[in-house]
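# Observations on the three-dimensional arrangement
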Amino acid sequence: MLEALTGSGLAASAGLNAYIPLLTMGLLARYTDLMQLPAGWQWLGNGWVMAILALLLAVEFVADKVPVVDHVNDVVQTFVRPTAGGLAFGAGSSSETVTVSDPGQFFSSNQWVPIAAGVLIALGVHGVKAAARPVINATTAGFGAPVASTAEDATSVIVSVAAILLPVLVLVFLVGFVLFVPWVLRRRRERKRERQAARAARFRT
């Protein structure tokens, strides 16, 4: 149960920022005794891997705080964040994977299940994040982008650390996320009606 919560928390964190949970796991595994990566995931603690993740995180940190650019970034991250979520869940739940040279064993042994679960969780969180950002930008004339992005990054860090050190806290995030989804959907519907009303008004004039 705790392993599943750890994997779920790391995958959800990846849905907000693809690189934070992977870098967190690498740093904790390399420099502390708080996390022991399974044999198949030791590469996350490699210095070069962490350097690349840190560089990508820096690019993401800046791009996600600029209106319009953040939307382009979300489109690109539609592929990156679910992938990172799958890796984070697989490593965080201590899942061992076989080599790619034996895909038959990989699927028959159900070792793909944690990775698939991570992909779906990260994709769901990413979808809500990507849907909420245009609403935030529109209602704040773009000034809300850096604030929202900073909050998302902070949440990603907190959830990543909590998932590793105190997995039960992941439940708090998941409940909050479920409660946040209806607000996003309602605001998107309202924004759509406002756009339709504005177009109708221009047509009448």
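Up top you'll find the structure we're talking about.
These remarks concern the structure in this document. (Residues numbered from 1 in each chain as written. Predicted model: local features only at pLDDT ≥ 70, side-chain atom pairs only at ≥ 80, totals over all residues. Heavy atoms only, no water.)

## Focus on the layout of surface pockets
Looking at the largest pocket, its volume works out to about 300 Å³. Around the largest pocket, the lining is made up of 14 residues, and of these Leu16, Lys129, Glu152, Thr155 and Phe180 lie nearest the centre. Among the secondary structure elements, those contributing two or more residues to the lining of the largest pocket are α6 (112-139), α7 (144-165) and α8 (170-204). Per-element accounting of the lining of the largest pocket gives the leading share, five residues, to α6. Among the residues forming the lining of the largest pocket, the class breakdown is ten nonpolar, two polar and two charged. (1 Å grid on protein atoms, 1.4 Å probe; cavity = no way out; pocket = protein on both sides within 12 Å on 5 of 7 lines; lining within 4 Å. Points joined across faces, edges and corners; volume = space filled by probe spheres on them. Helix = DSSP H or I, 4+ residues; strand = E, 2+ residues; numbered from the N terminus. Nonpolar A, V, L, I, M, F, W, Y, C, P; charged D, E, K, R; others polar.)

## Points about the nonpolar core
One finds Leu22, Met25 and Leu44 to be the most contacted residues of the largest nonpolar core, which totals 23 residues. At the level of elements, α1 (2-16), α2 (19-31), α3 (47-63), α4 (69-92) and α7 are the ones that each hand at least two residues to this core. Residues contacting leucine 44, with those up to four places away along its chain left out, are Leu22, Met25, Gly26, Leu37, Val49, Met50 and Ala91. Formed by ten residues, the second largest nonpolar core is a distinct cluster that contains Leu16, Val159, Phe177 and Val184. (Core = buried A, V, L, I, M, F, W, Y, C linked by side-chain atoms within 4.5 Å. Buried < 20%, exposed > 50% of the residue type's maximum accessible area, 1.4 Å probe, protein only. Contact = heavy atoms within 4.5 Å.)

## What to know about the pattern of salt bridges
Taken as a whole and assessed by the stated rule, the structure comprises eight salt bridges. A salt bridge links arginine 81 to glutamate 60, with the shortest nitrogen-to-oxygen separation between them at 2.8 Å. Remark: glutamate 60 occurs in helix α3 and arginine 81 occurs in helix α4; sequence separation between them is 21 residues. For the pair formed by arginine 81 and glutamate 60, the shared burial category is buried. The shortest N-O distance in the salt bridge between arginine 133 and aspartate 64 comes to 3.1 Å. With a gap of 69 residues between them, arginine 133 in helix α6 and aspartate 64 in the loop between α3 and α4 connect regions that are remote in the sequence. Arginine 133 gets classed as buried once you look at its relative accessible area, which sits at 1%. Via salt bridges that share partners, Asp64, Asp70, Lys129, Arg133 and Glu152 belong to a single interconnected network. (Salt bridge = Lys/Arg side-chain N within 4 Å of Asp/Glu carboxyl O.)

Note that all results are geometric; they support no functional claim without further evidence.
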